[in-house]
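Inside the fold
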Amino acid sequence: MDRTVRRGSARRRQAAVGYALLLPSLIGVGCFLLVPIAVVLWLSVHSWNLLGPIEFTGASNWRSVLADRQFGHSLLVTLALTALVVPVQTALGFAVAAVLARRGRGGTVLRAVYALPWMCAPVAVGVVWQWIFAPTGGALNALLGRRVEWLSSPTLALPAVAAVIVWMNVGYVALFFVAGIRAIPGEILDAGALDGATGWRRIRWLILPLLRPTMFFVLVTGVLSVFQTFDAVYALTRGGPDHHTDVVAMRMYSEAFQAAHPGRAAVMAVVVFAVMFVITVVQHRYFRDRTERGEAERYEF
């Protein structure tokens, strides 16, 4: 009986210590994740002009946002930007990682150099690229020897913004692929080489299947990052020309602080969260099925 009591007391003490160690993280999650989500949901059913009294409006904000063609346009622009950025930065990041993963002198320095654009402030990067894209005196037009309105053209503005975002994120993506490639057991690669898996066949049948967890992480974080893009777009185009780069983050900023409708901006935030959640679930199911199928199959060369 005494042993049972002592064991129960020891377990309670261990549980108390565990909860005490978790408390700082729980406070952080509560203050910086759960409370903001609750505030956004609360704001979505209220009307407030940032100065006057707050009024309950029910589903009025939801109806106006869901019927707003401009918000729908911003969602389409963001999806188009995602389609331009994520595949390119993933492919380039993998190509860079394939080179950086080779052990040799200067590898650490090269990895740091590639990661520098991602570590820089997006607004500062946007200002630098605004000068590069400048129609008069810009570095890119000087190199081409012709005048091109990169940021003022409805056709070129979004690809130009996408190119800047890709340039910023390639190093970040490459670092994850480098870690994934180096985590592959050498015995598997050696066995594949004996079976004739060299060059592209080595990448296609060995490296890429084993990098599925890393690929899933890179794609999910890439999509989430593009949906949250604001600083670079604000510095480069302010959402122009004629709303052709008006991504959802710019639209929420305009509604909340320029039009003084934080309730509508909160609804937009909830809708964007729902879209990102659906995209993430689809990606998760796709990679889960592929991973399970790959584990069940034997490699064939």
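First things first, this report covers the structure right here in the doc. Nothing here was measured: the structure is a model prediction, and the numbers come from that model.

Section: the overall build of the chain
Of the regular secondary structure elements, the chain holds 13 helices and two strands. By the compact-globule yardstick of 19 Å for 301 residues, the chain is too spread out, its C-alpha radius of gyration being 25 Å. Counting only C-alpha atoms, the chain reaches 80 × 65 × 35 Å along its principal axes. Burial status across the chain gives 37% buried among its 301 residues.

Comments concerning the packing of aromatic side chains
In the structure shown here, the tally under the stated rule is 14 aromatic pairs. Measuring from centroid to centroid gives 4.6 Å for Trp118 and Tyr172, while their planes differ by 25 degrees, and the two rings are stacked. On the criterion of sequence distance, the pair formed by Trp118 in helix α4 (residues 107-119) and Tyr172 in helix α7 (residues 157-182) is long-range, its members being 54 residues apart. Note on Tyr172: relative accessible area 21%, which makes it partly exposed.

Regarding helix α12 (residues 248-258)
Counting buried residues along α12, eight of its eleven residues qualify, which places the element largely inside the surrounding structure. Of all the positions in α12, only Val248, Ala249, Met250, Arg251, Met252, Ser254, Glu255 and Ala256 are classed as buried.

Overview of the environment of Ala269
Locating Ala269 in the fold gives a position in helix α13 (residues 262-296). Using a relative accessible area of 26% as the deciding quantity, one classes Ala269 as partly exposed. Along the sequence, Ala269 and Ile37 sit 232 residues apart, while their C-alpha atoms lie 9.7 Å from each other. Sequence-distant contacts of Ala269, that is, excluding residues within four places in its chain, are made with Val40 and Met252.

Overview of the pattern of salt bridges
Under the counting rule described, the total for this entry stands at four salt bridges. Where Glu149 meets Arg147, a salt bridge forms, and the shortest distance between an N and an O atom there is 2.8 Å. Given the relative accessible area of 29%, Glu149 is considered partly exposed. The shortest N-O distance in the salt bridge between Asp246 and Arg251 comes to 2.6 Å. According to the relative accessible area criterion, Asp246 is buried, its value standing at 2%. A residue is classified by how much of its surface remains accessible, and Arg251, at 8% relative accessible area, is buried. Three or more residues joined by partner-sharing salt bridges are found here, namely Asp68, Glu255 and Arg264.

Some words on the side chain of Thr78
For Thr78, the position within the fold is in helix α3 (residues 69-100). Not counting residues within four places of it along the chain, the set of residues in contact with Thr78 comprises Val226, Phe227, Val247 and Val248.

The rules behind these values
- Residues numbered from 1 in each chain as written.
- Predicted model: local features only at pLDDT ≥ 70, side-chain atom pairs only at ≥ 80, totals over all residues.
- Heavy atoms only, no water.
- Helix = DSSP H or I, 4+ residues; strand = E, 2+ residues; numbered from the N terminus.
- Rg over C-alpha atoms; globule rule 2.2 N^0.38 Å.
- Buried < 20%, exposed > 50% of the residue type's maximum accessible area, 1.4 Å probe, protein only.
- Phe/Tyr/Trp six-rings, centres within 6.5 Å; stacked < 30°, edge-to-face > 60°.
- Contact = heavy atoms within 4.5 Å.
- Salt bridge = Lys/Arg side-chain N within 4 Å of Asp/Glu carboxyl O.

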